[in-house]
Amino acid sequence: LLLYDEAYNYFKATNNKKELASMLWAYSSLYRDWGKFELAEKYYLENIQLNSISGDINGLARAHFNYATFHDILNNFNKAATEYEKAIQLFKQEKNLDLVMITAANYNLSEDYFKLKNFEKAHYYLKEFKLQNDTLTERQNLSDFTDAEAKYQAEKKQKEIELLTTENKLAA
């Protein structure tokens, strides 16, 4: 904890908001794991506030996502759902959509609403999760195909070079 305090004080003194937000998240996680939920919540909320002031949309979205996860641990599913919804709205504002985080938030929302017996919303978010998960799978498959094609083309060129080298040696 002393090292956390030193890092926190350093980042605060140097006005490094991004690293300061990381420290607030670290504090909140540490206190959550220690079962000191009031302190954990204090740091989750400070992290949200700092990211809001700094204008870091991605950091703010992640702060809301982490706060939602905290409320899931506490079985406070209404609050968790509210925070996941805020996170999704913020992630969608990003230029480079973080589909992995949005997909995870949708899955967690489907679980939370199911536990709250709001089956209509649970079904909606499960469909959103499925759609986004399929998109992630398609992207991965396309990436794998592109990598395999590039490897095949490189090997093909290498064999052509080897063949031409052998032909040139035989002709000489």
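See the structure printed just above.
Residues numbered from 1 in each chain as written. Predicted model: local features only at pLDDT ≥ 70, side-chain atom pairs only at ≥ 80, totals over all residues. Heavy atoms only, no water.

(A) The arrangement of the overall build of the protein in detail. Per the secondary structure count, the protein includes seven helices and zero strands. Its helices and strands in sequence order give the protein the pattern α-α-α-α-α-α-α, from N to C terminus. In terms of overall dimensions, the protein is more spread out than a globule: its C-alpha atoms have a radius of gyration of 24 Å, far above the 16 Å expected for 172 residues. The principal-axis extent of the C-alpha atoms belonging to the protein is close to 80 × 50 × 30 Å. Per-residue burial over the protein gives 33% buried out of 172 residues. Considering only residue pairs separated by 6 or more positions, the protein has 48% of its internal contacts joining residues 24 or more positions apart. For the protein, the exposed surface amounts to about 11300 Å²; the carbon and sulfur share of it is 55%. (Helix = DSSP H or I, 4+ residues; strand = E, 2+ residues; numbered from the N terminus. Rg over C-alpha atoms; globule rule 2.2 N^0.38 Å. Buried < 20%, exposed > 50% of the residue type's maximum accessible area, 1.4 Å probe, protein only. Contact = heavy atoms within 4.5 Å. Areas by Shrake-Rupley, 256 points an atom, 1.4 Å probe, with all protein chains shown as cover.)

(B) The arrangement of the environment of Lys17 in detail. Its location among the elements puts Lys17 in helix H2 (residues 17-33). Expressed as a C-alpha distance, the spacing of Lys17 and Lys117, which sit 100 residues apart in the sequence, is 40 Å. Those residues in contact with Lys17 that sit more than four places away from it in its chain are Leu50 and Ser54.

(C) Representation of the pattern of salt bridges. Tallied over the entire structure, the rule returns seven salt bridges. Linking Lys18 and Asp56 is a salt bridge whose minimum nitrogen-to-oxygen distance equals 3.9 Å. One end of the pair, Lys18, is in helix H2; the other, Asp56, is in the loop between helix H3 (37-54) and helix H4 (57-73), and 38 residues separate them in sequence. We classify Lys18 as exposed; its relative accessible area is 58%. (Salt bridge = Lys/Arg side-chain N within 4 Å of Asp/Glu carboxyl O.)

(D) Looking closely at H3. Along its 18 residues, H3 runs 25 Å from first to last C-alpha, staying within 8% of the 26 Å computed at 1.5 Å per residue. All of the buried residues in H3 are Ala40, Tyr43, Tyr44, Asn47, Ile48, Leu50 and Asn51. For H3, the angular spread of buried residues about the axis comes to 165°, placing them on one side. Away from the buried face of H3 by more than 90 degrees, exposed residues Glu38, Gln49 and Ile53 are located. Elements that come into contact with the buried residues of H3 comprise H2, H4 and helix H5 (77-91). A positive backbone phi angle near 80° is found at Gly55, which sits one or two residues after H3. (Expected span 1.5 Å × (residues − 1). Arc of directions from axis to C-beta.)

(E) Summary view of unusual backbone geometry. Residue Asn15 is not a glycine yet carries a positive backbone phi of 55°. One can find Asn15 in the loop between helix H1 (2-13) and H2. The class of Asn15 is exposed, set by a relative accessible area of 53%. One non-glycine residue, Lys117, lies in the positive phi region at around 65°. Note that Lys117 resides in the loop between helix H6 (99-115) and helix H7 (119-171).

(F) Spotlight on the packing of H4 against H5. Direction vectors running N to C along H4 and H5 enclose 160°, while the axes themselves pass 8 Å from each other. In terms of orientation, H4 and H5 fall into the roughly antiparallel class. Seen along the crossing, H4 lies across H5 with a hand that is left-handed. Seen from H4, the contacting residues are Ile57, Asn58, Leu60, Ala61, Arg62, His64, Phe65, Tyr67, Ala68, Thr69, His71 and Asp72; seen from H5, they are Phe77, Lys79, Ala80, Glu83, Tyr84, Lys86, Ala87, Leu90 and Phe91. Looking at the contact of H4 with H5 residue by residue, the classes come out as twelve nonpolar, four polar and five charged. (Axes fitted to C-alpha atoms, helices over the stretch in contact; angles between N-to-C directions. Parallel < 35°, antiparallel > 145°, perpendicular 65-115°, else oblique. Left-handed = near helix turned anticlockwise from the far one by under 90°. Nonpolar A, V, L, I, M, F, W, Y, C, P; charged D, E, K, R; others polar.)

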